[in-house]
Amino acid sequence: MLLARTPALRPFIGRVVAPLSSTLQSRPMTILSKQSGEEYEKKNYSDRMKKTGRPVSPHVTIYAFPITALSSITNRVTGVALSFGAAGLGLVEVLGGNGAALALMQDIGSMGPAVSSVAKFSVAYPCVYHYLGGIRHMIWDKYPDLLTNAEVEKHSWALVGGSLVLTLPFMLF
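Source: prediction; values computed, not measured.

As a further point, take the overall build of the chain. Scanning the chain from N- to C-terminus turns up eight helices and zero strands. Put simply, the chain runs from its N terminus to its C terminus through helices and strands in the order α-α-α-α-α-α-α-α. Every one of the 173 residues in the chain was classed for burial, and the buried ones make up 14%. Here the analysis covers contacts within the chain between residues at least 6 apart in sequence; of these, 60% occur between residues at least 24 apart. Total accessible area computed for the chain in this model is approximately 13,600 Å², and 69% of it derives from carbon and sulfur atoms.

In the contact formed by helix H5 (residues 67–96) and helix H8 (residues 149–172), the axes pass within 9 Å of each other and the chain directions differ by 50°. The orientation of H5 relative to H8 falls into the category oblique. The element H5 and its partner H8 pack so that their crossing is left-handed. For the pair H5 and H8, the contacting residues are Ile67, Thr68 and Ser71 in the first and Val152, Glu153, Ser156, Trp157, Leu159 and Val160 in the second.

Per the stated rule, a full pass over the model turns up two aromatic pairs. With a centroid separation of 5.4 Å and 20° between ring planes, the pair formed by Phe121 and Tyr125 is classed as stacked. One end of the pair is Phe121 and the other is Tyr125, both in helix H7 (residues 113–142) and four residues apart, which spans about a single turn. Classification of Tyr125 by relative accessible area gives buried; the value is 15%. Arranged with centres 5.6 Å apart and planes meeting at 40°, the rings of Tyr125 and Tyr129 form a pair that is tilted. Of this pair, Tyr125 and Tyr129 both sit in helix H7, four residues apart, roughly one helical turn. Exposure class is identical for Tyr125 and Tyr129. Each is buried. In this structure an aromatic cluster arises from ring pairing among Phe121, Tyr125 and Tyr129. We note Lys142 situated over the ring of Tyr143; from NZ or CZ to the ring centre the distance is 5.9 Å.

A separate point is the pattern of salt bridges. Applying the stated rule across the entire model yields one salt bridge. Glu151 is paired through a salt bridge with Lys154; the nearest N and O atoms lie 3.1 Å apart. In this pair, Glu151 and Lys154 are both assigned in helix H8, three residues apart and thus about one turn of the helix distant. On the basis of relative accessibility, which here comes to 22%, the residue Glu151 falls in the partly exposed class.

How each quantity is defined
Numbering of residues starts from 1 in every chain and runs along the sequence as written. Predicted model: local features are reported for residues with pLDDT of at least 70 only, side-chain atom pairs are reported and counted for 80 or more only, and whole-chain, interface and lining totals are derived from all residues. As a convention, hydrogens and water are excluded, and side-chain values are obtained from all of the structure's heavy atoms. To qualify as a helix, a DSSP run of H or I must reach at least 4 residues; to qualify as a strand, a run of E must reach at least 2; elements of each kind are numbered from the N terminus. The buried label applies to any residue whose accessible area, calculated with a 1.4 Å probe on protein chains only, is under 20% of its type's maximum; exposed applies above 50%, and partly exposed to all values in between. Any two residues having at least one pair of non-hydrogen atoms within 4.5 Å are treated as being in contact. Accessible areas in this description were obtained via Shrake-Rupley with a 1.4 Å probe; residue shielding takes into account the shown protein chains only. The axes used here are C-alpha line fits, helices contributing only the stretch in contact, and every angle between their N-to-C directions lies in the interval 0 to 180 degrees. Each angle is binned into one of four classes, with values under 35 degrees roughly parallel, values over 145 roughly antiparallel, values of 65 to 115 roughly perpendicular, and all other values oblique. Crossings are assigned a handedness: left-handed for a near helix turned anticlockwise from the far helix by less than a right angle, right-handed for a clockwise turn. In summary, the pairing rule links any two rings of Phe, Tyr or Trp, Trp by its six-membered ring, whose centres are within 6.5 Å, and it sorts them by plane angle into stacked for under 30 degrees, edge-to-face for over 60 and tilted for everything else. Here, over-ring charges are defined by two tests on the NZ atom of lysine or the CZ atom of arginine: distance to the ring centre within 6 Å, and angle to the ring normal within 35 degrees. Basic side-chain nitrogens of Lys or Arg form a salt bridge, by our definition, when they fall within 4 Å of a carboxyl oxygen of Asp or Glu.

Any functional reading would require information beyond the geometric quantities listed.
Now the structure itself:
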């Protein structure tokens, strides 16, 4: 806009802009009538894709998430699960009175080894996974050269495997 205000450049700008604007005005356009636009909006995207034989994009039935995406998603989910678990346990203690959370955990533990093992795993795995995920990110912050695709994939597999291995002692004892 500063160039257009400069009097010395106005003839130059006029020679450049005039041919450009005539080119833009003569270009053909596709114009939909109001009726055809309404008909197009009525059609469902999935129905249109099915009619043409094309898959819905991205095609979720053939797409496989890479381990790096899955480990990132799992880290976020475990963080949310830990937050809700802690809030729920706190709510039980507040609403149930002093010792209500302890009594709840003792009741779950006395339901037999199958139930108590599943309960221990559902608490221990998110704790271990989220903790190791945090350590992984601290390592990446300190050593950014480890953030190559191959290294990140290796670290993701190590995170999943290490979390399972470290969760087993918490679950069994």
